[in-house]
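Each chain, letter by letter, is given below.
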Amino acid sequence: TLRISTERGQRRVEFGASALSRGVLIGRYPRCEGADLLTDTHVSRAHVLLCRLADRVWAIDVASTAGTASASRPGQRRRVLGLDEGPVVLAEHRATVEWSPAAIRRAGDRSGS
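Cut-off values and rules
- Residues numbered from 1 in each chain as written.
- Predicted model: local features only at pLDDT ≥ 70, side-chain atom pairs only at ≥ 80, totals over all residues.
- Heavy atoms only, no water.
- Helix = DSSP H or I, 4+ residues; strand = E, 2+ residues; numbered from the N terminus.
- Buried < 20%, exposed > 50% of the residue type's maximum accessible area, 1.4 Å probe, protein only.
- Contact = heavy atoms within 4.5 Å.
- Areas by Shrake-Rupley, 256 points an atom, 1.4 Å probe, with all protein chains shown as cover.
- Pairing = 2+ DSSP bridges.
- Axes fitted to C-alpha atoms, helices over the stretch in contact; angles between N-to-C directions.
- Core = buried A, V, L, I, M, F, W, Y, C linked by side-chain atoms within 4.5 Å.

A. Quick look at the overall build of the chain. The secondary structure content of the chain amounts to one helix and ten strands. Secondary structure elements of the chain, listed N to C terminal, follow the sequence β-β-α-β-β-β-β-β-β-β-β. Of all 113 residues assigned to the chain, the portion counted as buried reaches 42%. A separation of at least 24 residues holds for 47% of the contacts in the chain among residues at least 6 apart in sequence. Accessible area for the chain stands at about 6100 Å²; split by element, carbon and sulfur atoms hold 48% of it.

B. Broad picture of the pairing of strand β7 (residues 73-77). Of all five residues in β7, zero are buried, a share of ten percent or less. Here strand β6 (residues 68-70) folds back onto β7, and the loop between the two strands holds two residues.

C. Quick peek at the environment of Gly67. For Gly67, the position within the fold is in the loop between β5 (56-61) and β6. Assessed through its relative accessible area of 7%, Gly67 is described here as buried. Between the C-alpha atom of Gly67 and that of His93, which follows or precedes it by 26 residues, the distance is 10.0 Å. Aside from chain neighbours lying at most four places away, what touches Gly67 is His47, Asp61, Arg77, Val89, Leu90 and Ala91.

D. A look at the sheet that holds strand β2 (residues 9-13). Spatial strand order, β2-β1-β10-β9-β6-β7: six strands in an open sheet with antiparallel pairing. The outermost strands of the open sheet, each flanked by one partner alone, are β2 and β7. Taken over all neighbouring pairs, the strand axes of this sheet differ in orientation by 25° on average, direction set aside.

E. Broad picture of the environment of Cys51. You can see Cys51 is positioned in strand β4 (residues 48-53). Residues Cys51 and Gly82, spaced 31 residues apart in sequence, show a C-alpha to C-alpha distance of 9.8 Å. Apart from residues no more than four positions distant in its own chain, Cys51 is found in contact with Leu20, Gly23, Arg56, Val57, Trp58 and Ile60.

F. Quick look at the nonpolar core. Counting 24 residues, the largest nonpolar core has Leu2, Phe15, Ile26 and Leu50 as the members making the most contacts within it. Counting residues per element, the ones that place at least two in this core are β1 (2-6), α1 (17-22), β3 (24-26), β4, β5, β9 (88-90) and β10 (95-99). If one sorts the elements of this core by residue count, β10 sits on top with three residues.

Given below as structure tokens:
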């Protein structure tokens, strides 16, 4: 389960293993997950890609303008973060993305788009 939080609210979205293997984009672009919440222009149209590799879920900053960081070290921008390390901060606290790994499903997968 992914939780996206902004000043506009928050949402939980479930993704299956195959959607995460293909990758899920988070950002303002209408085809990205969370686009209706991520309206702040500091959040890039395509900000991070979530993907599952070697049984871990990763957040990969896809050349965002305002950067991505770990909530535990918000001043240090990073390109790749393991979501099992804790919440990820987008665009200097404009949004937070948090992953709950227990919800990865093998069947009944959601495409993420």
